[in-house]
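Each chain is listed here by its residues.
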Amino acid sequence: MSASAVRMTPLKNITVLDLSKVLAGPLCGQYLGELGARVIKVEPVGTGDDTRAWLPQDAGQSATFMAVNHNKRSLAVDLKTTEGRAVVHRLAEQSDVVLQGFGGKTAARLGVDYATLSRLNPKLVYCEISGYGREGPMGEEPGYDVMLQAFSGMISTMGEPGGNFARASFSPVDLGTGSFALSGILAALLERSQTGKGQYLDVSLLDTSLGLMSYMAQNYWRTGQVPRRMGTGHPAMCPYQAFRAADGDLMLGVGNDAQWQRFCAVAGLQDYADTPEFASNADRVRNFDATVALVQACIGTRTVAQWLKALKPAGIACSAIHTLDQALSHPQVAARELIVTSRHPVLGEVQNVGLPIRFGRQPRQAALPAPLLGEHSREILASLGYAEHEIEAMLAAGCIQDHARHGEPA
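All chains use their own residue numbering, which begins from 1 and follows the written sequence. Where local features are concerned, this predicted model is filtered to residues with pLDDT of at least 70; where side-chain atom pairs are given and counted, the filter is 80 or more; whole-chain, interface and lining totals use all residues. Computation of side-chain values: all heavy atoms of the structure, hydrogens and water removed.

Draft legend 1. Summary view of unusual backbone geometry. Along the chain, Leu55 connects to Pro56 via a cis peptide bond; the corresponding omega equals 0°. Strands are runs of DSSP state E lasting at least two residues, helices are runs of H or I lasting at least four, and both sets are numbered from the N terminus onward. Structurally, Pro56 is set in the loop between β2 (38–43) and β3 (57–58). That bond from Cys238 to Pro239 is cis: its omega, 0°, falls within 30 degrees of zero. Turning to its location among the elements, Pro239 is positioned in the loop between α9 (214–223) and β9 (240–244). For Ala59, which is not a glycine, the phi torsion comes out positive at approximately 55°. Position of Ala59 relative to the elements: it lies in the loop between β3 and β4 (61–62). The backbone of Ser171 sits at a positive phi, close to 55°, despite the residue not being glycine. With respect to the element layout, Ser171 can be found in the loop between α6 (145–151) and α7 (172–195).

Draft legend 2. The arrangement of the sheet that holds strand β1 (residues 15–19) in detail. We call two strands paired when DSSP finds no fewer than two bridges between them. Strand order across the open sheet formed by 7 strands is β8-β7-β6-β1-β2-β5-β14, with mixed pairing between neighbours. At either margin of the open sheet sits one strand with a lone partner, and together these are β8 (199–204) and β14 (400–401). Across 2 bridges, the pairing between strand β5 (residues 73–77) and β14 is antiparallel. Residue Ala76 lies in a different strand from β14, and its bridge partner there is Gln401.

Draft legend 3. Quick look at the packing of aromatic side chains. Working definition: a ring pair exists when centres of Phe, Tyr or Trp rings (six-membered ring for Trp) sit within 6.5 Å. Plane angles under 30 degrees give stacked, over 60 give edge-to-face, the rest tilted. In this structure the tally under the stated criterion is 8 aromatic pairs. Centre to centre, the rings of Tyr272 and Phe278 are 6.2 Å apart; their planes meet at 65°, and the pair counts as edge-to-face. Relative accessibility decides the category of a residue: with a 1.4 Å probe and only protein chains considered, values under 20% of the type maximum give buried, values over 50% give exposed, and everything between is partly exposed. Residue class for Tyr272 comes out partly exposed when judged on its relative accessible area of 36%. Put simply, the rings of Trp260, Phe263, Tyr272, Phe278 and Trp307 pair up and form one aromatic cluster. In this scheme, Lys NZ or Arg CZ marks a charge over a ring once it lies within 6 Å of the ring centre and within 35 degrees of the ring normal. Above the plane of the ring of Tyr386 lies Arg90, whose end atom (NZ or CZ) is 4.1 Å from the centre. Across the ring face of Phe165, the terminal group of Arg229 is positioned such that the distance to the ring centre comes to 4.2 Å.

This is the structure in structure tokens:
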């Protein structure tokens, strides 16, 4: 389908008030925007979202902020002022979804909690994202991805045996929470279309982290064995990990016994295919170290390219271990049209990873780049019915901010 094809925007009549910050909530808001919603990102004056200050920076623009905030408009407002709260309350009256990620009782103090906003608009789908949920002995504690990786047992399973622990580098708890929040919001919007009623959604990093550990939890319940660090290895399959080839590293995944037979044929290990130590996956897992040593001795005799050429036609799962730049430039990624571009007011053309869903063969696209702080404050207030002199008065008082007044390029 050509790039001129009509874009599917199922949420085109939905307005989202994004009061969240950092990664989980902003990613959810970005996905809602990619589905066509009108997303207004509310940020504090002066500093904006915390991630605006994170490194790396390019011409004063944070890469992390840009990663999870395109397809939004920015309203910089001081919620500690009466005027600022009035602006957000007026927006809430006209919105369909609220994303909120303040810690503890902060939302109530700022007048943007569910009780307050649902009184203004009973049809709101209000999604609150917290660290540990609001109940229990840790209900008021802030949530950070790495802390939930530690709390949930995730980090205890990562790293080399006998070596240091490892953190999952890409913040899976934050990003997973954003995705679960998206699912919940879509379900609540569907329910509202049938009942006319809004909904309060409770999404936490704790629930996400243990949700991601669910099959490992089931393994523990069934065996009583706590998962251990295995590097790139797998507790239920072998060989299923990274191996060192003659010129680099290769990820190999022998997922069943038929694949083991084919692997042995390709690798010249026919003499081991049916021996009692290695014949079945259960045998290979029981003899894990011996299996890994046998396969490693073989893999080390050829280059990565040679192994890929031999294994792929045999239906054996394998991959070179790419660096990120290699993955982004791979022809398969280009074929998926996953990378989208937009025009940023400071940086010019920028790239983003698009929504990981395709509707039919429609092209992915980013309708808007990540906004500058307060870039759309004036137009949002004007759309709410504020007169120009009222906007100027709020700007002068510091109740709101627009980027032009604070030295950012127009």
